[in-house]
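Single-letter residue listing:
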Amino acid sequence: MKADLLYEGKAKRVYQAKDKPGQLVLAYKNDATAFNGEKKASFTGKGQLNNDISSLIFPLLHDKNIQTHFIERLSETEQLVHQTEIIPLEVVVRNLATGSITKRLGIEERTKFNPPIIELFYKNDELGDPLINDEHALYLSNVTSTELQEIKEKALEINKQLTAVFKKIDVELVDFKLEFGRLASGCMVLADEISPDTCRLWDSTTNEKLDKDVFRHGTGDLLEVYQEIFRRLEAKS
Ligand code: TMP
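The chain is annotated in an unreviewed UniProt entry as Phosphoribosylaminoimidazole-succinocarboxamide synthase from Virgibacillus salinus. A UniProt comment under Catalytic activity (unreviewed entry) is attached to the chain, and it reads "5-amino-1-(5-phospho-D-ribosyl)imidazole-4-carboxylate + L-aspartate + ATP = (2S)-2-[5-amino-1-(5-phospho-beta-D-ribosyl)imidazole-4-carboxamido]succinate + ADP + phosphate + 2 H(+)". Of the chain, the UniProt comment under Pathway (unreviewed entry) reads exactly: "Purine metabolism; IMP biosynthesis via de novo pathway; 5-amino-1-(5-phospho-D-ribosyl)imidazole-4-carboxamide from 5-amino-1-(5-phospho-D-ribosyl)imidazole-4-carboxylate: step 1/2."

Here it is in C-alpha cells:
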C-alpha cells in the first residue's frame, strides 16, 4: 500500500500511496512529544488509538458536509488520505480558557468563550510555532484573504459539529488544533488528524482530562485516557 516516505513528523509518517497518484498513507507513530519536542516518550498502542479515533471522527464530519482529506482506515496504524498542499498554519479553536491562552493573556482558567476564540500559529518547529495574526498568516503562507476567511469559517463549523460529537459521549471539547490543506483541485479541506493529541477533552461530569495534557503535565496515564475516548466514541457510532 505504501511507497516512498515523503515526510516524518513527531507523531506520524507520511508515505506516497502505492499505485494511487494523489493519495497518501498516514502511519501513526507511538511517540508522544510536548513543549516542541522537549519532552518525549513512546507508548505502545498510541498510534493505533489515534488512528482509530481519527478514523471514527472524520466520517462523522463528512456526514455533516465538511470536506476532509480522509479516505479510509487501512490498518491498525494507517489511513489513506487525499494528498494536499498543507497550509503552514495551526488553527486553534478555544471554547474554554486553559493552556497557553491563560498564561499569555492572564485569562482565568475555564472562562467560557462565546463566540469561540480562533488563534493562528505559524507551523514552524524551529521557531516553536509562534502565535501570529492574520497579516502574518497572509505574508507567511500562500493563502489569500478569502481562503483565510474560509479556513476560519470551516474551523467554527467543525467546532460546532465536534462539540456535538463529544457532548454525546459526555466529553467537553475545550479546545483543539486543526490543519488545512489544498487539494489538486484548489479546494481547501481539513487535513492532519483529530485525536486526543490535538484536542483538549474533559469529562463533562468529573472534569477528568482525557487528552495529551496528562502526558504534558505528567498527571495521568496517556493510554488509559485515549482508550477511554475511543471506547466511548465506538460505543456511540
Ligand atoms: P495551547 O493551549 O497549548 O496553545 O494548545 C491549544 C490546543 O492545540 C490544545 O487542544 C492542544 C493543541 N495543540 C496541538 O495540537 N499541537 C501543538 O503543538 C500545541 C502547542 C497545541
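Participant: It is not clear to me how the overall build of the chain should be interpreted in this structure. Could you clarify?
Facilitator: Along the chain, the regular secondary structure elements total six helices and 14 strands. In terms of its C-alpha atoms, the chain occupies a principal-axis envelope of roughly 50 × 40 × 35 Å. Evaluated residue by residue, the chain yields a buried proportion of 49% over its 237 residues. The contacts in the chain between residues at least 6 apart in sequence include a share of 55% that link residues at least 24 apart. With the model as given, the accessible surface of the chain reaches about 11600 Å², and the carbon-plus-sulfur share is 49%.

Participant: Hey, could you run me through the site of the ligand in this one?
Facilitator: The local shell around the ligand holds 14 residues, among which Arg 94, Ser 100, Asp 175, Lys 177 and Arg 200 are the closest. In the model, an oxygen atom of the ligand is placed 2.9 Å from a nitrogen or oxygen of the Arg 94 side chain. At 2.9 Å from an oxygen atom of the ligand is found a side-chain nitrogen or oxygen belonging to Arg 200. Considering the ligand on its own, with 450 Å² of exposed area, one finds that the protein chains cover 77% of that surface.

Participant: Would you mind going over the UniProt feature "domain: SAICAR synthetase/ADE2 N-terminal" (unreviewed entry) in the chain with me for this structure?
Facilitator: Residues given the UniProt feature "domain: SAICAR synthetase/ADE2 N-terminal" (unreviewed entry) here are residues 5-232. Split by type, residues 5-232 is 30% helix and 34% strand. Its first and last C-alpha atoms lie 33 Å apart.

Participant: What exactly am I supposed to notice about the packing of helix α1 (residues 46-63) against helix α6 (residues 222-236) here?
Facilitator: The description of two helices packed together rests on the angle between their axes and the distance between the axes. Contact pair α1 / α6: the axes reach a minimum separation of 10 Å and the direction vectors enclose 30°. As the angle between them shows, α1 and α6 are arranged roughly parallel. For the pair α1 and α6, the crossing hand works out as left-handed. Along its contact with α1, which presents Lys 46, Leu 49, Asn 50, Asp 52, Ile 53, Leu 56 and Ile 57, the element α6 presents Leu 222, Leu 223, Tyr 226, Gln 227, Ile 229, Phe 230, Leu 233 and Glu 234. Among the residues forming the contact of α1 with α6, the class breakdown is 10 nonpolar, two polar and three charged.

Participant: Would you explain the pattern of salt bridges in this entry?
Facilitator: Note that side chains of opposite charge can pair when their charged atoms are close. Counted under the stated rule, the structure contains 27 salt bridges. Asp 213 serves as the salt-bridge partner of Arg 200, at 2.7 Å between the closest nitrogen and oxygen. In this pair, Arg 200 sits in strand β14 (residues 199-203) while Asp 213 sits in helix α5 (residues 213-216), placing the two residues 13 residues apart along the sequence. Judged on exposure class, the residue Arg 200 and its partner Asp 213 are both buried. Put simply, Arg 94, Arg 104, Glu 119, Asp 175, Arg 200, Asp 213 and Arg 216 are held in one network by salt bridges that share partners.

Reading the values: rules and limits
Residues numbered from 1 in each chain as written. Predicted model: local features only at pLDDT ≥ 70, side-chain atom pairs only at ≥ 80, totals over all residues. Heavy atoms only, no water. UniProt positions renumbered as here; feature names shortened; annotations may be inferred. Helix = DSSP H or I, 4+ residues; strand = E, 2+ residues; numbered from the N terminus. Buried < 20%, exposed > 50% of the residue type's maximum accessible area, 1.4 Å probe, protein only. Contact = heavy atoms within 4.5 Å. Areas by Shrake-Rupley, 256 points an atom, 1.4 Å probe, with all protein chains shown as cover. Near = heavy atom within 4 Å. Polar contact = N/O pair within 3.5 Å; in protein donor to acceptor, adjacent residues only side chain to side chain. Axes fitted to C-alpha atoms, helices over the stretch in contact; angles between N-to-C directions. Parallel < 35°, antiparallel > 145°, perpendicular 65-115°, else oblique. Left-handed = near helix turned anticlockwise from the far one by under 90°. Nonpolar A, V, L, I, M, F, W, Y, C, P; charged D, E, K, R; others polar. Salt bridge = Lys/Arg side-chain N within 4 Å of Asp/Glu carboxyl O.

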